[in-house]
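Topology and contacts: notes
Here is how the chains run, residue by residue.
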Amino acid sequence: SLSEEGHDVTLIEQKDSIADRAREKVDARVLVGSAFDPAILESSGVVGADMVIAVTNSDVINLSICSLASVYGAKRKIARVRDMALTEVVEKFGRAHFYVDEIINPDEFAAQTIIKVVEAPGSREVADFSEGRILLRSFDIPPNSPLVGVTLGTLGDLDLPWPFLVVAIHRGEDVVIPRGENAVESGDRIYVLLPKSSLAEFLTYIHPSVRLPRKVIVYGATGTGMSLARGLVPKVKEVVFLEENRARAEKAAGELNGIRVIHGMPSDADILRECGVEATDIYIAVSSNDHHNLISAVLAKQMGAKGTVIVAHQPEYASIAGGLGIDSFINPRLLATDQILRMIHGTRVCQLASLPECKSQVLEFVPAPGSAITKGPIRDVRFPKNAIVGAVNRGSEVILAKGNTQVQQGDSVVVFCKADALKKLEKLFTGKNPL
């Protein structure tokens, strides 16, 4: 992602086989060796580097690399830290003591994203902006949805008390940035921006048979699974926790208050029946094994689970999951990448979400003083073809964008765009030529 945006990237990797694959896939300089080796680190260009990002599988190594990079004068240091206890220590004593500027935790990002999916049944992809005041949700349109056949230009005439804005339609292989004459069809996936206060009514409107989940099964005593289970307790009536490793199951039982923990294989139909899968609203598989997550979710769906969510680290699983009827696919690495990209873009981008299935992004910009986007109504701004302003946050007010909406200094602006429009967008909001 960084190299595609035009940054000068060096990747350090210890294993030859992984380094070889990286050279084939990434337009970046790849060095084989350890980031603890001063010769390797110096040859990577660490002296005065704009940013060093440490994302190995070891929290301690990542923090140590940031410390070493700081000695060499790297300007910003980002470390991936999964252990919540270690994260709390870093935050308690201050990141400066650990020579790190930002900490990212993919497990925690994944857990929070899944909770948002649970709270919006029927949604496929979720992202929040303006500290949760503006929501992005995507939905597959069923044949009985009242949106079928409705042209988007007439939605404003409905005078609905819970406003929303369709910012994109994914139809087959095409992604349409909608205009007034575009109509919604059965089978479309629509991307919607709406104020948080509109969510409950909108869910009922788009899916007349929808109801908030009452029972959830979580499979996998990973960091994501434990955090997710705790977060779900106040939101659903019943949470059942499933783990195949006895020691981890016993540990989870001791830590998860008010949650029934079952030890067993998720591919065992008898174990799923013991969990009550036939009466489950959502089955969520978050183990460290992508294959087990996929297979168990397919089985749970066949046995009666109304919805399924899986975590998978390999992006190739996204297309497989959709074809097997999995309702939502969460990739922690992609979520972490989005957080890093937001940091790379600087203070003018306060949130970013990638939508890989439609090869698009949603960004929340803070316009620079005197930038082009503030010069007049949106309809008079020379906006990139494959982008659309969706919403404006002004103080505590959420404004869904129209042609006569004018962005003001101090606003934050949520924009949907395809990849080819990003650089032009940055220039509109920053007044500078992007990298």
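Model, not experiment: these values are computed from the prediction. (Residues numbered from 1 in each chain as written. Predicted model: local features only at pLDDT ≥ 70, side-chain atom pairs only at ≥ 80, totals over all residues. Heavy atoms only, no water.)

1. Digging into helix H12 (residues 332–345)
Applied cut-off: The helix count covers DSSP runs of H or I at least four residues long, the strand count covers runs of E at least two residues long, and both are numbered beginning at the N terminus. Every helix has an expected span of 1.5 Å times one less than the residues it contains. Burial here depends on accessible area, computed with a 1.4 Å probe over protein chains only, as a share of the maximum for the residue type. Under 20% is buried, over 50% is exposed, and the range in between is partly exposed.
For H12, with 14 residues, the first-to-last C-alpha span of 20 Å sits near the 20 Å given by 1.5 Å per residue. All of the buried residues along H12 are Pro 332, Ala 336, Asp 338, Gln 339, Ile 340, Leu 341, Met 343 and His 345. Gly 346 lies just past H12 and shows a positive phi near 90°.

2. Description of the sheet that holds strand E18 (residues 360–365)
Put simply, the rule reads: Pairing between two strands is assigned when DSSP locates at least 2 bridges connecting them. Lines fitted to C-alpha atoms define the axes here, with helix axes fitted over just the stretch in contact, and angles between the N-to-C directions of these axes take values from 0 to 180 degrees. It only takes one pair of heavy atoms within 4.5 Å for two residues to be counted as in contact.
Read from one edge to the other, the open sheet built from 5 strands follows the order E17-E18-E21-E19-E20, with strand pairing classed as antiparallel. The open sheet terminates on both sides in strands that have one partner only, identified here as strand E17 (349–355) and strand E20 (397–400). This sheet shows a mean twist of 15° between the axes of neighbouring strands, independent of strand direction. Here H12 sits on the sheet and contacts E17 and E18; the angle it forms with E17, its principal contact strand, is near 145°. Most of the contacts of helix H13 (residues 422–430) go to strand E21 (residues 412–418), to which it runs at about 160°, and overall it touches E18, strand E19 (387–394) and E21.

3. A look at the sheet that holds strand E9 (residues 174–176)
Strand order in this open sheet of 5 strands is E6-E7-E10-E8-E9, and the pairing throughout is antiparallel. If you trace the sheet from one side to the other, it starts and ends with strand E6 (123–129) and E9, each paired once. Across the sheet, the mean angle from the axis of one strand to that of its neighbour is 15°, orientation sign disregarded. The sheet contact formed by strand E7 (residues 134–140) and strand E10 (residues 189–195) spans 7 bridges and is antiparallel. The residue of E10 that forms the bridge with Arg 137 is Val 192. Against the sheet, helix H5 (residues 106–119) makes contact with E6 and E7, and its axis sits at roughly 115° relative to E6, the strand it touches most.

4. Observations concerning the packing of H5 against H12
Geometry of a packed helix pair, given as the angle between the helix axes and the separation of the axes. Heads up, the condition is: By the definition adopted for this analysis, an angle is roughly parallel if under 35 degrees, roughly antiparallel if over 145, roughly perpendicular if from 65 to 115, and oblique otherwise.
Contact geometry for H5 and H12: axes closest at 8 Å, N-to-C directions at 105°. One element, H5, and the other, H12, form an angle in the roughly perpendicular class. Touching Pro 106, Phe 109, Ala 110 and Thr 113 of H5 are Pro 332, Leu 335, Ala 336 and Gln 339, all from H12.

5. Section: the pattern of salt bridges
Our working rule: Salt-bridge detection follows one rule: a side-chain nitrogen of Lys or Arg within 4 Å of a carboxyl oxygen of Asp or Glu.
Taken as a whole, this structure holds 26 salt bridges when the rule is applied. The residue Lys 215 makes a salt bridge to Glu 238 at a minimum N-O spacing of 4.0 Å. With Lys 215 in strand E11 (residues 215–219) and Glu 238 in strand E12 (residues 238–243), this pair connects stretches of sequence that are 23 residues apart. Assessed through its relative accessible area of 11%, Lys 215 is described here as buried. The shortest N-O distance in the salt bridge between Glu 250 and Arg 246 comes to 3.9 Å. Residue Glu 250 and its partner Arg 246 are located together in helix H8 (residues 246–255), separated by 4 residues, close to a single helical turn.

6. Side note on the nonpolar core
Side chains of nonpolar character tend, in soluble globular proteins, to be buried together. So the rule is basically this: Joining through side-chain atoms within 4.5 Å is the link that ties buried Ala, Val, Leu, Ile, Met, Phe, Trp, Tyr and Cys residues into a set, and such a set is a nonpolar core.
Ranked by size, the top nonpolar core spans 26 residues in total, and within it Ile 114, Val 218, Leu 228, Leu 232, Phe 241 and Ile 284 carry the most contacts. The set of elements that each furnish at least two residues to this core consists of H5, E11, helix H7 (223–232), E12, strand E14 (282–285) and strand E15 (307–311). For this core, the element with the highest residue contribution is H5, accounting for 6 residues. The contacts of Ile 114, once residues within four sequence positions are left out, are Thr 224, Leu 228, Ile 284, Val 286, Val 309, Val 311 and Ile 330. Counting residues in hydrophobic clusters, the runner-up holds 25 residues, among them Val 9, Leu 363, Phe 383 and Leu 422.

7. As for the state of the cysteines
How we decide: Criterion for a disulfide: a pair of cysteine sulfur atoms at a distance within 2.5 Å.
Throughout the structure, instances matching the rule amount to 0 disulfides. With no disulfide partner, Cys 350 has as its closest neighbouring cysteine sulfur the one in Cys 417, 14 Å distant. Taking relative accessible area as the criterion, Cys 350 reaches 34% and is therefore assigned partly exposed. Lacking any disulfide linkage, Cys 417 is separated from the closest cysteine sulfur, that of Cys 358, by 10 Å.

8. Description of the packing of aromatic side chains
Condition: Between rings of Phe, Tyr and Trp, where Trp is taken as its six-membered ring, a pair exists when centres lie within 6.5 Å; planes separated by under 30 degrees are stacked, by over 60 edge-to-face, and by other angles tilted.
For the structure on display, the rule yields 7 aromatic pairs. When the ring of Trp 162 is compared with that of Phe 164, the centres are 6.4 Å apart and the planes differ by 15°; the resulting orientation is stacked. In terms of burial, Trp 162 and Phe 164 fall into one category: buried. One aromatic cluster in this structure is built from Phe 139, Trp 162, Phe 164, Phe 202 and Tyr 205.

9. Notes on unusual backbone geometry
The phi torsion at Tyr 99 lies on the positive side, around 60°, for a residue other than glycine. Mapped onto the elements, Tyr 99 comes out in the loop between helix H4 (84–93) and strand E5 (102–104).

10. Notes on the side chain of Ser 412
So the rule is basically this: In the analysis that follows, any N or O atom pair within 3.5 Å is treated as a polar contact, provided that within protein one partner can donate a hydrogen and the other can accept it, and provided that, for residues neighboring in sequence, both atoms belong to side chains.
On the secondary structure map, Ser 412 appears in strand E21. A polar contact is formed between the side chain of Ser 412 and the side chain of Ser 130, at a distance of 3.4 Å. Excluding anything up to four places from it in sequence, Ser 412 contacts Ser 130, Glu 364, Phe 365, Val 366, Ala 391, Val 392 and Asn 393.

11. Some remarks on the confidence of the model for the protein
Low-pLDDT portions of the prediction should not be read for the details of their coordinates. Just so we agree on the cut-off: Here pLDDT means the predictor's own confidence in every residue, given as a number from 0 to 100.
Residue-level pLDDT values for the protein average 90, and 98% of them are 70 or greater. Summarising per-element confidence for the protein, the mean pLDDT is lowest in helix H11 (residues 317–323) (76) and highest in E11 (98).

12. A look at the pairing of E10
Summarising burial for E10: 7 of the 7 residues are buried, a large majority. A two-sided burial pattern is seen for E10, the buried positions comprising Arg 189, Tyr 191, Leu 193 and Pro 195 on one face and Ile 190, Val 192 and Leu 194 on the other. As defined by bridge partners, strand E8 (residues 165–171) adjoins E10 across 5 bridges and the pair is classed as antiparallel. By the bridge assignment, Ala 168 is partnered in E10 with Tyr 191.

13. Some details on the environment of Ser 70
Its place among the elements puts Ser 70 in helix H3 (residues 59–71). Note on Ser 70: relative accessible area 22%, which makes it partly exposed. Separated by 54 residues in sequence, Ser 70 and Arg 124 have C-alpha atoms that sit 40 Å apart. If near-sequence neighbours (up to four positions away) are discounted, Ser 70 is found in contact with Lys 77 and Tyr 99.

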